[in-house]
Amino acid sequence: MDVSPRPALFLDRDGVLNADKGFVARVEDFEWMPGAIDCVRRFNALDYLVIIVTNQTGVAFDLYAEADIAAVHEHMLAELAQAGAQVDRIYECCWHPAATLAQYRRDSDLRKPRPGMLLQAMEDFPIDKARSFLIGDKQSDVDAAAAAGVRGFLYRGGDLLRFAEAARASL
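What you are looking at is a predicted structure, and each value in this text was computed from that prediction instead of being measured.

### Considering the packing of aromatic side chains
Move 1: In the structure shown here, the tally under the stated rule is seven aromatic pairs.
Move 2: Taken together, a centroid distance of 5.0 Å and an interplanar angle of 85° make the contact between Phe-43 and Tyr-48 edge-to-face.
Move 3: By relative accessible area, which is 0% here, Phe-43 ends up buried.
Move 4: Consider the rings of Phe-43 and Phe-133, whose centres lie 6.0 Å apart with planes at 70°: the pair is edge-to-face. Within this pair, whereas Phe-43 is found in helix H1 (residues 36-45), its partner Phe-133 is found in strand E4 (residues 133-136), the two being separated by 90 residues in sequence. Here the two residues Phe-43 and Phe-133 agree in accessibility, since each one is buried.
Move 5: Among the aromatic residues, those joined into a ring-pair cluster are Phe-43, Tyr-48, Phe-133 and Phe-153.

Now the structure itself:
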């Protein structure tokens with residue numbers, strides 16, 4: 001088994017992989033961003049780990065359940081697999097310090113802009129931090145990347161594959 005460190009492409013979910021429509025918690029609301037599937041497939045081919053790190057605050061505020069997130073993720077992973085692409089792991093944070101549901105009321109290090117999800121991935125996988133980077137659509141994503149010791153890039157739409165290739169070239 002090869003345990004050599006590999007670079008990782010960390011991706012936020014809403015606003016990066018899929019269109020941000022507020023809270024995307026139903027499969028019928030999920031819409032891929034342009035170039036997203038191609039981006040995942042390309043970075044798989046480059047032998048990158050592809051890891052999703054996503055805050056899912058809606059759970060904490062009782063807007064949807066963890067089962068809803070799981071259904072969206074299953075749909076996402078199935079469509080990626082159909083296209084010959086894969087995500088190595090999805091990390092999510094449902095906690096929020098002001099949650100309406102007591103069981104999710106927590107000030108968690110996993111919640112971006114804190115680096116907990118990225119640091120957990122670095123414990124779970126042998127990751128080459130120098131060649132790894134994160135793409136997010138909010139400053140909190142970029143801040144989490146910086147706190148974890150990897151470059152972060154702020155994505156504002158357009159072809160995700162082109163954006164990711166340009167980000168990788170700038171490392």
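### Focus on the sheet that holds strand E5 (residues 151-154)
Move 1: Spatially, E3-E2-E1-E4-E5 is the arrangement adopted by the five strands of the open sheet, whose pairing is parallel. Strand pairing shows two members of the sheet lacking a second neighbour, strand E3 (89-93) and E5, which therefore form its edges. The sheet shows a mean angle of 20° between the axes of neighbouring strands, direction not considered.
Move 2: As defined by bridge partners, E4 adjoins E5 across four bridges and the pair is classed as parallel. Residue pairing across strands places Gly-136 opposite Leu-154, the latter belonging to E5.
Move 3: In this fold helix H3 (residues 66-82) packs onto strand E2 (49-55) and E3, with an angle of close to 155° to the strand it touches most, E3.
Move 4: Contacts from helix H6 (residues 160-169) reach E4 and E5, with the element oriented near 145° to E4.

Here is what the cut-offs are and how they apply
Here the residue numbers are simple positions, counted from 1 along each chain's written sequence. Residues qualify for local features only when their pLDDT is at least 70, as the model is predicted, and side-chain atom pairs are given and counted only at 80 or more; totals for whole chains, interfaces and linings, by contrast, use all residues. The side-chain numbers reported here are obtained from all heavy atoms of the structure, hydrogens and water having been left aside. Between rings of Phe, Tyr and Trp, where Trp is taken as its six-membered ring, a pair exists when centres lie within 6.5 Å; planes separated by under 30 degrees are stacked, by over 60 edge-to-face, and by other angles tilted. Partly exposed residues are those whose accessible area sits between 20% and 50% of the maximum for their type, while under 20% is buried and over 50% is exposed, using a 1.4 Å probe and protein chains only. Comment: elements are numbered from the N terminus, with helices defined as DSSP H or I runs of at least four residues and strands as E runs of at least two. One requirement defines pairing of two strands: DSSP has to find at least two bridges between them. What counts as an axis is a line fitted to C-alpha atoms, over the stretch in contact for a helix, and the angles between N-to-C directions run from 0 to 180 degrees. We call two residues in contact whenever any of their non-hydrogen atoms come within 4.5 Å of each other.

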